[in-house]
Amino acid sequence: MFFTVISILVIQRLAELKLAAKNEKIMKNKGAIEYGEKHYKILVLMHILFFISFMSEVMLLDKKISPYWPILLTIIIFTQILRYWSILSLGEYWNTKILILPNGHVKRKGPYQFIRHPNYVAVMLEFIFIPLLFQAYWTAIIFISFNSFMMMIRIKEEEKALFQETDYADVFKSTSRFTVKK
């Protein structure tokens, strides 16, 4: 099951990078400006290191699938649903980079109706539950921490650009970053 999970995740990431490249061309042709170039390479490196750490911990330490795997796998599947709902909701605006159209109108549909950063929530949940599926506790601890640090930088940069260049402040004034408000 381990190699099936890894294969699916790697195929997903490669497909997402291909989609991001396609969307980047579209957005830059429309006049989008890129922000956060300095931290982007570190973000990409973090994702690569996550996979290396996860695979190494499982294989080198001979980790087995968790006895709670049905619950964990269900959570991971719901995380993937949130991830792709986020991507599909943004359409050509979705990207792994921060690309902002000056004077743009922010989309608030799909999971973005409820929270500002559903894709980042999905990534955080992946960094927790994918390693836990195979009892790779060190990978979970290290990358929850690394991702939290990177998201502080990323979200600050992204929201600064959105506030500066778009109607983000008006559209999301009553929406929480990560939790659904009652």
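Chemist: Provide a residue-level description of the overall build of the protein chain, including the pertinent values.
Modeler: The number of helices and strands found in the protein chain is six helices and two strands. In sequence order, the protein chain lays out its α and β elements as α-β-α-α-β-α-α-α. Across its three principal axes, the protein chain shows a C-alpha extent of roughly 55 × 35 × 25 Å. Each of the 182 residues in the protein chain was classed as buried or not, and the buried ones make up 45%. For the protein chain, long-range pairs separated by at least 24 residues make up 86% of all intrachain contacts whose partners lie at least 6 apart in sequence. For the protein chain, the separation between the mean place of its 23 positive charges and that of its 14 negative charges on side chains is 2 Å.

Chemist: Quick rundown of the side chain of Q12? Include the residues and the values.
Modeler: Here Q12 shows up in helix 1 (residues 2-29). Excluding residues within four positions of it along the chain, Q12 makes contact with Q80 and Y84.

Chemist: Please set out the side chain of N147 residue by residue, giving values where relevant.
Modeler: If you trace the backbone, N147 turns up in helix 5 (residues 137-165). We classify N147 as buried; its relative accessible area is 3%. With near-sequence residues (within four places) excluded, N147 lies in contact with M46, V123, M124 and F127.

Calculation notes
- Residues numbered from 1 in each chain as written.
- Predicted model: local features only at pLDDT ≥ 70, side-chain atom pairs only at ≥ 80, totals over all residues.
- Heavy atoms only, no water.
- Helix = DSSP H or I, 4+ residues; strand = E, 2+ residues; numbered from the N terminus.
- Buried < 20%, exposed > 50% of the residue type's maximum accessible area, 1.4 Å probe, protein only.
- Contact = heavy atoms within 4.5 Å.
- Lys, Arg positive; Asp, Glu negative; His and termini not counted.
- Charge placed at Lys NZ, Arg CZ, Asp CG, Glu CD.

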